[in-house]
Amino acid sequence: IANEVIKCKAAVAWEPKKPLVIEEIEVAPPQANEVRIKIVATAVCHTDLYHLLEDEAGFPTVLGHEGAGIVESVGPGVTEFQPGDKVIPLFISQCRECRFCKSPKTNQSGRDPQMMASADSRFTCKGKKVLQFVGTSTFSQYTVVNQIAVAKIDPAAPLDKVCLLGCGICTGYGAAVNTAKVEPGSTCAVFGLGAVGLAAVMGCKAAGAKRIFAVDINPDKFGKAKVFGATDFVNPKDHDKPISQVLAEMTNGGVDYSLECIGKVDIMRSALESCNPGWGVSVIVGWTDLEDFSARPVQLIAGRTWKGSLFGGFKSKDGVPQMVKAYLDKKVKVDEFITHNMTLDQVNDAIELMKKSKCIRTVLSVSPQ
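Values in this document were obtained by computation on a predicted structure and should not be read as measured data.

Things to note about the overall build of the protein chain
In terms of regular secondary structure, the protein chain is built from 11 helices and 18 strands. Relative to the compact-globule value of 21 Å for 369 residues, the protein chain shows a C-alpha radius of gyration of 20 Å, a close match. Considered along the principal axes of its C-alpha atoms, the protein chain spans approximately 65 × 40 × 35 Å. For the protein chain, long-range pairs separated by at least 24 residues make up 69% of all intrachain contacts whose partners lie at least 6 apart in sequence. For the protein chain, the accessible area works out to roughly 15600 Å², and carbon and sulfur atoms hold 51% of it. When the 42 positive and 40 negative side-chain charges of the protein chain are each reduced to one mean point, those points stand 4 Å apart.

Right, here's the structure in full:
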């Protein structure tokens with residue numbers, strides 16, 4: 001079937017703010033420099049919800065960008081992959097040829113497909129073109145991805161676990177290790193204890209931080225945060241003064257590093273203000289494109305640094321296989337993020353769990369291996 005259209009199951013988002021519909025879709029064969037992948041497992045990430053609930057354009061689409069699968073066939077010009085390879089599709093490309101890819105200062109590629117649904121896709125359903133989400137679309141049994149956005153991983157890796165390394169874990173862990181460059185013996189604060197925040201806690205611990213403050217308004221999350229290395233838990237609702245003041249008092253002037261892992265502009269500011277004014281580094285990790293953020297110039301003038309981090313600063317094709325290896329070597333945790341296992345047919349239940357903050361990650365089994 002290598003050069004034929006494949007009919008398979010996918011969860012289609014026909015319009016914003018509506019439940020996904022399990023449909024039979026047609027997936028065209030890979031064209032030049034493309035790889036067709038059988039998706040074995042995928043997780044639901046907040047960015048999928050963000051597109052479904054906050055964006056008006058880019059529909060109909062197949063969501064999903066945190067997946068893992070097996071190469072089914074390759075298009076002309078693909079030499080790096082062959083059928084049977086275990087792979088993780090990437091929402092950030094790495095072409096290795098453009099000036100961005102050649103620079104150690106960024107993990108962006110000048111040849112990246114659009115961040116949200118791009119105009120071209122290999123999907124059709126009921127005679128209509130269905131858009132591809134962030135170049136991946138893993139809520140489908142098959143997807144076609146440009147070879148610059150696919151990472152080949154260790155064949156020993158369990159796909160129903162390492163799918164999480166396609167987004168959330170790398171995003172949080174790398175924000176601490178690569179972007180903030182957390183130093184041994186330092187103090188850190190992580191705002192928001194979803195999967196990305198917990199991964200940031202894990203990254204702070206791996207980098208040798210001695211105190212890690214986990215900040216969340218849901219005290220149920222502290223137990224999990226402790227598993228990943230948090231030493232202190234702060235619930236802003238327990239205090240009648242700004243959380244930045246609370247942290248400043250607890251740390252003799254503010255933390256060395258803070259990471260905002262929610263995507264709310266007021267919390268980004270709180271995270272900045274929680275840093276030591278002389279040298280604190282605050283990293284924006286949570287994704288949003290809805291509002292402006294603000295700060296007073298004096299909050300930066302004395303020596304604070306405000307940075308952003310996309311996909312944890314990992315160059316995707318290089319970083320994801322390294323993180324898979326680190327997981328297999330028991331150097332990073334993955335299984336502990338998985339709170340629910342479901343099937344693709346239950347995708348709307350998984351979305352509800354995430355909407356209500358009742359899960360960290362739900363992994364959907366998509367195709368039998």
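Here's the deal with the packing of helix α1 (residues 46-54) against helix α11 (residues 347-355)
For the pair α1 and α11, interaxial distance at closest approach is 10 Å and the crossing angle is 95 degrees. Accordingly, the angle class assigned to the pair α1 and α11 is roughly perpendicular. Residues His46, Leu49, Leu52 and Leu53 of α1 form the contact with α11, whose own contacting residues are Ile351, Met354 and Lys355. In terms of residue class, the contact of α1 with α11 is built from five nonpolar, one polar and one charged.

Focus on the domain arrangement of the protein chain
Per the domain assignment, the segments making up the protein chain are domain 1 (6-166 + 333-365) and domain 2 (170-310). Each of domain 1 and domain 2 has a C-alpha centre, and the two are 29 Å apart. Contacts between domain 1 and domain 2 engage 15 residues on the former and 14 residues on the latter. Of the roughly 1400 Å² buried at the junction of domain 1 and domain 2 (both faces included), carbon and sulfur atoms supply 70%. At the surface where domain 1 touches domain 2, the tally comes to zero salt bridges. In this structure, the connection of domain 1 to domain 2 is made through three residue pairs in polar contact (both at pLDDT 80 or more). Residues belonging to the side of domain 1 that touches domain 2 are distributed by class as follows: eight nonpolar, three polar and four charged.

Quick look at the nonpolar core
Of all hydrophobic cores here, the largest spans 107 residues; its most connected members are Phe139, Leu259 and Phe337. For this core, the leading source of residues is helix α5 (residues 195-206), giving eight residues. Taken domain by domain, this core gets at least three of its residues from each of domain 1 (6-166 + 333-365) and domain 2 (170-310).

Concerning the sheet that holds strand β15 (residues 281-284)
Spatially, β13-β12-β11-β14-β15-β16 is the arrangement adopted by the six strands of the open sheet, whose pairing is parallel. Where the open sheet ends on each side, the last strands, each with one partner, are β13 (232-234) and β16 (305-308). Strand-to-strand twist of the sheet, defined as the mean angle between neighbouring strand axes without regard to direction, takes the value 20 degrees. One ladder, built from three bridges, connects strand β12 (residues 211-215) with β13; its direction is parallel. Each bridged residue has a counterpart across the sheet, and for Val215 the counterpart in β13 is Val234. With respect to the sheet, helix α4 (residues 168-180) is in contact with β14 (257-260), β15 and β16, its orientation differing from that of β15 by roughly 135 degrees.

Some words on the side chain of Ser103
As for its placement among the helices and strands, Ser103 is situated in the loop between α2 (99-102) and β7 (118-125). Here the side chain of Ser103 touches Lys105 through a polar contact of 3.0 Å, landing on its backbone nitrogen.

Notes on the pattern of salt bridges
Where charged atoms from two side chains of opposite charge come close, those side chains can pair. Under the defined criterion, the tally for this structure stands at 18 salt bridges. One salt bridge connects Lys317 with Glu80, and the closest N-O pair in it is separated by 3.4 Å. Here Lys317 is found in helix α10 (residues 316-328), whereas its partner Glu80 is found in the loop between β5 (66-74) and β6 (86-89), with 237 residues between them in sequence. Judged by relative accessible area, which is 31%, Glu80 ranks as partly exposed. Counted as one network, the salt bridges with shared partners bring together Glu352, Lys355 and Lys356.

Each value, and the rule that gives it
- Residues numbered from 1 in each chain as written.
- Predicted model: local features only at pLDDT ≥ 70, side-chain atom pairs only at ≥ 80, totals over all residues.
- Heavy atoms only, no water.
- Helix = DSSP H or I, 4+ residues; strand = E, 2+ residues; numbered from the N terminus.
- Rg over C-alpha atoms; globule rule 2.2 N^0.38 Å.
- Contact = heavy atoms within 4.5 Å.
- Areas by Shrake-Rupley, 256 points an atom, 1.4 Å probe, with all protein chains shown as cover.
- Lys, Arg positive; Asp, Glu negative; His and termini not counted.
- Charge placed at Lys NZ, Arg CZ, Asp CG, Glu CD.
- Axes fitted to C-alpha atoms, helices over the stretch in contact; angles between N-to-C directions.
- Parallel < 35°, antiparallel > 145°, perpendicular 65-115°, else oblique.
- Nonpolar A, V, L, I, M, F, W, Y, C, P; charged D, E, K, R; others polar.
- Domains from an automatic or database assignment.
- Buried area = accessible area lost by both parts, 1.4 Å probe.
- Salt bridge = Lys/Arg side-chain N within 4 Å of Asp/Glu carboxyl O.
- Polar contact = N/O pair within 3.5 Å; in protein donor to acceptor, adjacent residues only side chain to side chain.
- Core = buried A, V, L, I, M, F, W, Y, C linked by side-chain atoms within 4.5 Å.
- Buried < 20%, exposed > 50% of the residue type's maximum accessible area, 1.4 Å probe, protein only.
- Pairing = 2+ DSSP bridges.

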